[in-house]
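Here is what each chain is made of, one letter per residue.
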Amino acid sequence: MKFKSPPVNSLSLDFITEFCIGLEKLENNRECRGVIFTSAVPNIFSSGLDITEMCGKSMEHYAEFWRAVQEMWLRLYGSNMVTVAAVNGSSPAGGCLIALTCDYRIMVENPKFVIGLNEAQLGIVAPFWFKDTFVNTVGHRVAERSLQLGSLHSASEAHRLGLVDELVPEVKLQEKAAAVMAQWLALPDHARQLTKSMMRKAVLDRLVAHREEDVQNFVNFISKESIQKSLRMYMEMLKKKKR
Ligand code: CO8
């Protein structure tokens, strides 16, 4: 699947809805055993959740948006397919989350590309299931430091921390992703799927059991005036950076 929502593949409600429908189709297609995620937008894998969906909207909208974000994560992290992220650009916050849900992450070795859960830099807090996915990938200490600092790591640093599994030159990315996919698909599906489920089930179940509570937490948090102000300032900062 190639993300193509210029300028930065931000995860709007429309994007997420279409993405989930696409994932459901692939998941239900017996012919499809694996999927590679990459971007058709130069230099950006995904800029994360669309901040405009979390700014100046109604409580109902925030709840609808958050349910969609939860749905996307549940589908990705709980997928029976082999999932490979071919990260060909920067991937902050929600973009990093998509990569973290995959079975394997390959990133282009470009020092300009960054990846990480930078929520703290926006004055917001990554929810527990973002944190759990991160901890399951890089371990508690690296996740704790990186989350508190809202760090965006260069590709080489991300590789050193185990946030991505492999670095490749841009021209080799698709070939490498296909080779990794072939390696994972060589195993019998049932054994691989049950093993994946065993490793991830506790974290998935935790969100399923607390889904509505998590929606309410998000809505209460994001609609606070202080948080709205932080998000507006962050958007301003992005615009100023361009001038
Ligand atoms: N949402 C909405 N708009 C965005 C986003 C975004 N995430 N990212 C960029 N844009 C907009 C910019 O404002 C700009 O708009 P305009 O053209 O109108 O000025 C346009 O996209 C292009 O952006 P840039 O000029 O900055 O493009 P660059 O190629 O220079 O840089 C980057 C691309 C590196 C992706 C840069 O835009 C960036 O750093 N963006 C912000 C990324 C970010 O911090 N995302 C975090 C989103 S929050 C999230 O995903 C998890 C939230 C969890 C919620 C928990 C609450 C409880």
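Taking an unreviewed UniProt entry as the reference, the protein is identified by name as Enoyl-CoA delta isomerase 1, mitochondrial belonging to Athene cunicularia. What the UniProt record of the protein gives under Subunit (unreviewed entry) is the line "Homotrimer."

S.K.: Please explain the sheet that holds strand β4 (residues 82-87) as it appears in this structure.
M.R.: Note on sheets: strands pair through backbone hydrogen bonds, and any given pair is parallel or antiparallel. Taken together, the five strands give an open sheet; going across it, the order is β1-β2-β4-β6-β9, and neighbouring strands pair in parallel fashion. Looking at the sheet topology across the chains shown, the edges are occupied by β1 (2-3) and β9 (166-168). Bridge count for β1 against strand β2 (residues 34-39) is two bridges, and the pairing is parallel. Note that in β2 the partner of K2 across the bridge is T38. Those strands touched by helix α7 (residues 173-185) are β2, β4, β6 (104-108) and β9, and its axis lies near 165° from that of β4.

S.K.: Can you help me understand the sheet that holds strand β8 (residues 153-154) in this one?
M.R.: In spatial order, the strands read β3-β5-β7-β8; together these four strands make up an open sheet with mixed pairing. Either end of the sheet is taken by a strand with one partner, and the two such strands are β3 (43-44) and β8. Pairing geometry for β3 and strand β5 (residues 89-92), over two bridges, is parallel. Directly across from I44, in β5, lies its bridge partner S90.

S.K.: How should I be thinking about the nonpolar core in this particular structure?
M.R.: Inside soluble globular proteins, nonpolar side chains tend to come together where they are buried. Grouped together as the largest cluster of nonpolar side chains are 76 residues, with contacts concentrated most on I16, F19, F37, W73 and L231. In terms of residue count, the dominant contributor to this core is helix α2 (residues 59-77) (eleven residues). With near-sequence residues (within four places) excluded, F37 lies in contact with M1, F3, F19, L23, F45, L76, T83, V84, A85, A86 and C102.

S.K.: Any chance you could explain the layout of surface pockets here in plain terms?
M.R.: Over the atoms rolls a probe the size of a water molecule, and in doing so it shows where empty space is left. In this structure, the largest pocket encloses a volume near 1,200 Å³. S47, L49, I51, Y234 and L238 are, among the 42 residues lining the largest pocket, the residues nearest its centre. Looking at the lining of the largest pocket, the elements that each hand over two or more residues are β5, α4 (128-138), α9 (211-222) and α10 (225-242). Sort the elements by how many residues they give to the lining of the largest pocket and α10 lands first, with seven residues. Looking at the lining of the largest pocket residue by residue, the classes come out as 25 nonpolar, ten polar and seven charged. Lining the second largest pocket are 16 residues; nearest its centre among them are C102, D103, K196, M199 and R200. Contributing elements (two or more residues each) for the lining of the second largest pocket: α4 and α8 (189-209). Across the lining of the second largest pocket, the residue classes break down as five nonpolar, five polar and six charged.

Here is what the cut-offs are and how they apply
Residues numbered from 1 in each chain as written. Predicted model: local features only at pLDDT ≥ 70, side-chain atom pairs only at ≥ 80, totals over all residues. Heavy atoms only, no water. UniProt positions renumbered as here; feature names shortened; annotations may be inferred. Pairing = 2+ DSSP bridges. Helix = DSSP H or I, 4+ residues; strand = E, 2+ residues; numbered from the N terminus. Contact = heavy atoms within 4.5 Å. Axes fitted to C-alpha atoms, helices over the stretch in contact; angles between N-to-C directions. Core = buried A, V, L, I, M, F, W, Y, C linked by side-chain atoms within 4.5 Å. Buried < 20%, exposed > 50% of the residue type's maximum accessible area, 1.4 Å probe, protein only. 1 Å grid on protein atoms, 1.4 Å probe; cavity = no way out; pocket = protein on both sides within 12 Å on 5 of 7 lines; lining within 4 Å. Points joined across faces, edges and corners; volume = space filled by probe spheres on them. Nonpolar A, V, L, I, M, F, W, Y, C, P; charged D, E, K, R; others polar.

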